[in-house]
Structure formats: structure tokens, C-alpha cells
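# Understanding the architecture of this molecule
Each chain is listed here by its residues.
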Amino acid sequence: MTYYCITMTNINQEVWKFIDQDPTIKHAMSYGIINKRALANYIKKQKNMGKNLDAIISAIRRYNTQQYDNMFLKARTKIIPNIDLSTRSNIVNVILSKDTEIQKLIPEFFSIIKYDRGDVLRIIQADESIKVLINEKNLKKFVKILPKNKILSIKKNLAEINIHFIKDAIDTPGVIAIISNEIAINGVSIVEVLSCFPELLWYVYQH
């Protein structure tokens with residue numbers, strides 16, 4: 001009996017973790033529009049679980065969607081009436097080495113940007129690199145001030161989606177997850193996400 005309980009606990013945890021990592025499945029479960037046996041077969045195949053199918057179905061039935069429902073219902077009420085959205089096209093993501101030489105050049109980046117003309121300059125510093133997002137029209141001028149060996153990669157053909165939130169929305173759990181899920185469902189890959197309250201900036205490939 002003890003071994004059976006441990007096994008069922010492991011199956012539950014494995015199944016619940018799989019569901020937690022897939023917002024689309026959770027969304028369908030919350031509306032009661034998913035076939036549990038079909039989902040169990042899918043999970044068994046994806047996770048290569050040599051387990052009893054009925055045990056997986058039982059774990060799916062035990063999955064608590066109520067907390068998910070309440071959280072995302074609240075998030076949707078904050079998103080729909082309370083955001084402004086704008087977009088920019090032809091954005092480039094330049095990835096640079098992170099070192100002292102690039103650090104000294106950063107002030108020069110601003111010399112080629114004309115904010116009054118709507119130019120974009122976003123700088124992201126990570127542990128291993130620095131990413132700079134600019135308008136494609138400024139790329140040649142930007143590259144001229146950089147040593148070639150410091151440019152790790154250049155990603156072109158990006159669009160910026162700027163979502164402007166009210167404070168209550170940005171502090172509500174589930175808001176970012178809903179937007180990410182909607183973008184993914186529509187087959188769009190997210191290249192970068194930046195937060196600068198009250199704005200959230202998403203960078204995706206143009207289609």
C-alpha cells in the first residue's frame with residue numbers, strides 16, 4: 001500500500017508539472033473542453049511514461065484548475081479595459097560582447113538617436129552580453145562606432161509591441177502569462193521582453 005501511494009504521488013506530480021508548463025492545456029481544462037483520456041494519452045507519449053493510463057487520467061482529474069481560473073479571470077478583467085497598445089516595425093536587435101571597451105562606447109549610442117523623430121534605443125545588460133534594440137534605419141551608423149569583433153549577432157526584421165498598463169494590471173498575477181499565451185497560440189515567436197513600468201515591450205519577428 002505504501003509503495004502504491006508513493007507511485008501515485010509521483011504520477012500526480014509528473015502530470016501536474018506537465019500541465020503547469022502548458023498554458024494552452026490549462027486554458028482548455030478550465031473551460032472543461034478537453035478530453036481527459038486523449039490528454040492522458042498525449043502526456044504519456046510526450047513524457048514517455050510507462051504508467052497505467054488510468055493513473056494518468058486520475059491525476060488529470062485531481063488537477064486543481066479553480067485557482068488557475070480565478071487568477072486568470074482577474075487578470076483578464078485588468079487587461080481588457082485598461083491597456084493601450086502601440087507598435088513599431090523594422091527593429092534590429094544587436095548583441096554585443098560585454099566588456100570595458102563596449103561600456104565606454106555606450107554613451108556614443110545616444111548620439112545617433114533622435115527621440116523627437118520616434119527613434120528607438122533599448123539597452124539590456126546581462127551577465128555575458130549586452131543587447132541593443134534600435135531602428136533598422138540607424139543600423140549602419142550604429143555599427144560604424146563598434147569594433148566588428150564585439151558584435152556577436154544581429155537580428156533584423158523585428159517588431160516592437162508596446163503595451164501600456166495601469167498599475168493594478170502590472171501588479172496582477174497572470175497578466176504577462178495571458179499575453180504570452182495569446183502570442184504563442186497565434187504562432188508568433190517572442191524574441192525579447194522588456195519591462196519599464198508602466199510599459200511592457202514585446203519583440204517578435206515581423207510576418
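The coordinates are above.
### Brief notes about the overall build of the protein
Counting its secondary structure elements, the protein contains nine helices and six strands. Per-residue burial for the protein yields a buried fraction of 39% across its 207 residues.

### Considering a nonpolar patch on the surface
Together, Phe110, Tyr115 and Ile123 line one region of the surface with nonpolar side chains, adding up to about 290 Å² of accessible area. For Tyr115, the location among the structural elements is in the loop between helix 6 (100–109) and strand 2 (121–125).

### Topic: the packing of helix 3 (residues 36–46) against helix 4 (residues 53–62)
One can describe the packing of helix 3 onto helix 4 by two numbers: an axis separation of 9 Å at closest approach and a directional angle of 115 degrees. Between helix 3 and helix 4, the angle is such that the two are roughly perpendicular. Helix-helix and strand crossings are classified by hand; for helix 3 and helix 4 the assignment is right-handed. The segment helix 3 lies against helix 4, with Lys36, Arg37, Leu39, Ala40, Asn41, Ile43 and Lys44 engaging Leu53, Asp54, Ile56, Ile57, Ile60 and Arg61.

### Details of the pattern of salt bridges
In total, this model carries seven salt bridges according to the counting rule given. Put simply, Arg88 and Glu160 hold a salt bridge, and the shortest N to O gap is 2.8 Å. With Arg88 in strand 1 (residues 83–97) and Glu160 in strand 4 (residues 151–165), this pair connects stretches of sequence that are 72 residues apart. Given the relative accessible area of 31%, Arg88 is considered partly exposed.

### Considerations on the pairing of strand 2
The two faces of a sheet get side chains in turn, since along a regular strand they alternate between them. Judged from the five bridges that link them, strand 2 and strand 3 (residues 129–135) form a sheet pairing that is antiparallel. From the neighbouring strand, Gln125 faces strand 3, where its bridge partner is Ile130. Following strand 2, the chain reverses through three residues before pairing antiparallel with strand 3.

### Observations regarding helix 3
Because an α-helix packs 3.6 residues into every turn, residues spaced three or four apart end up facing the same way. For helix 3, the set of buried residues is Leu39, Ala40 and Ile43. Looking straight down helix 3, one finds that the buried residues subtend no more than 100 degrees of arc, so they occupy a single side. Downstream of helix 3 by a residue or two, Asn48 has a phi angle that is positive, lying close to 55 degrees.

### Thoughts on the packing of aromatic side chains
Under the counting rule described, the total for this entry stands at two aromatic pairs. Ring geometry for Phe18 against Tyr42: centres 5.9 Å apart, planes inclined by 70 degrees, an arrangement best described as edge-to-face. Taken together, the positions of Phe18 in helix 1 (residues 2–20) and Tyr42 in helix 3 put the pair 24 residues apart, joining distant regions of the chain. Classification of Tyr42 as partly exposed rests on a relative accessible area of 39%.

### Regarding helix 4
Within helix 4, seven of the 10 residues are buried, leaving the element largely enclosed by the surrounding structure. The set of residues buried in helix 4 consists of Leu53, Ala55, Ile56, Ile57, Ser58, Ala59 and Ile60. Its side-chain oxygen at 2.7 Å from the backbone nitrogen of Asp54, Asn52 defines the N-terminal cap of helix 4.

### Describing the environment of Lys148
Checked against the element boundaries, Lys148 lands in the loop between helix 7 (139–144) and strand 4. Here Lys148 falls in the exposed class, since its relative accessible area comes to 75%. For the pair Lys148 and Leu96, spaced 52 residues apart in sequence, the C-alpha to C-alpha distance is 9.6 Å.

### Here's the deal with unusual backbone geometry
Phi at Asn48 is positive, roughly 55 degrees, even though this residue is not glycine. Positionally, Asn48 belongs in the loop between helix 3 and helix 4. Asn48 gets classed as exposed once you look at its relative accessible area, which sits at 70%.

### Focus on the side chain of Glu192
Topologically, Glu192 is positioned in strand 5 (residues 190–196). One polar contact links Glu192 to Lys131, side chain to side chain, over a distance of 2.5 Å. The residues touching Glu192, leaving out its near neighbours within four places in the chain, are Asn93, Ile124, Lys131, Leu201, Trp202 and Tyr203.

What counts and what doesn't
Residues numbered from 1 in each chain as written. Predicted model: local features only at pLDDT ≥ 70, side-chain atom pairs only at ≥ 80, totals over all residues. Heavy atoms only, no water. Helix = DSSP H or I, 4+ residues; strand = E, 2+ residues; numbered from the N terminus. Buried < 20%, exposed > 50% of the residue type's maximum accessible area, 1.4 Å probe, protein only. Patch = residues over 30% accessible without salt bridge, like charges linked within 9 Å, V, L, I, M, F, W, Y side chains within 5 Å. Areas by Shrake-Rupley, 256 points an atom, 1.4 Å probe, with all protein chains shown as cover. Salt bridge = Lys/Arg side-chain N within 4 Å of Asp/Glu carboxyl O. Axes fitted to C-alpha atoms, helices over the stretch in contact; angles between N-to-C directions. Parallel < 35°, antiparallel > 145°, perpendicular 65-115°, else oblique. Left-handed = near helix turned anticlockwise from the far one by under 90°. Contact = heavy atoms within 4.5 Å. Pairing = 2+ DSSP bridges. Arc of directions from axis to C-beta. Phe/Tyr/Trp six-rings, centres within 6.5 Å; stacked < 30°, edge-to-face > 60°. Polar contact = N/O pair within 3.5 Å; in protein donor to acceptor, adjacent residues only side chain to side chain.

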